[in-house]
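# An overview of the molecular structure
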Amino acid sequence: RRCVKMDCHEPGTHFDLIGVYKEIDGMEDWAEQLFKHEGYCIWDEDTYEFMSNYREYWPSYCQELYYADSSGNAVYFNTQPASEGNITFGLYSDDVCTQLSDYT
């Protein structure tokens, strides 16, 4: 068993971050792999419990919000890829969550 921090962001590493893919079950698969490595190898019990609870609230599909934009158009919510392999929440103007919304 080899437990080390994932270091794809470090100079000189042998790991490469090849991309973040947004697909129907991609976030579920990604989260499962993250928990298998980080949860088992790196996180302490408190961090694991926090992340496990937080994971339940993370969106895994494009969903319409109850709010509309200033023109009355629907606003949708899903995961949004961010730089350096990070993710955040995103607001979108289409029902497949590919067009970022101007709604703030």
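Above this text you will find the structure in question.
This text gives an overview of the structure that appears in the document. (Residues numbered from 1 in each chain as written. Predicted model: local features only at pLDDT ≥ 70, side-chain atom pairs only at ≥ 80, totals over all residues. Heavy atoms only, no water.)

A separate point is the state of the cysteines. Evaluated as defined, the whole model comprises one disulfide. A disulfide bridge connects Cys-62 with Cys-97, and the sulfur atoms are separated by 2.0 Å. Looking along the S-S bond of the Cys-62-Cys-97 disulfide, the torsion reads about 75 degrees, which is the right-handed sense. In this pair, Cys-62 sits in the loop between helix 2 (45–55) and strand 1 (63–68) while Cys-97 sits in the segment after strand 3 (87–92), placing the two residues 35 residues apart along the sequence. On the basis of relative accessible area, Cys-62 is assigned to the partly exposed category, the value being 21%. (Disulfide = S-S within 2.5 Å. Helix = DSSP H or I, 4+ residues; strand = E, 2+ residues; numbered from the N terminus. Buried < 20%, exposed > 50% of the residue type's maximum accessible area, 1.4 Å probe, protein only.)

Mapping Ser-101 onto the fold places it in the segment after strand 3. Overall, the relative accessible area of 17% leaves Ser-101 in the buried class. Polar contacts involving the side chain of Ser-101 include one to the main-chain amide nitrogen of Tyr-103, which spans 2.9 Å. Every residue in contact with Ser-101, bar those within four places of it in the chain, is listed here: Val-75, Leu-91, Tyr-92 and Ser-93. (Polar contact = N/O pair within 3.5 Å; in protein donor to acceptor, adjacent residues only side chain to side chain. Contact = heavy atoms within 4.5 Å.)

Purely geometric stuff here, so don't read any function into it on its own.
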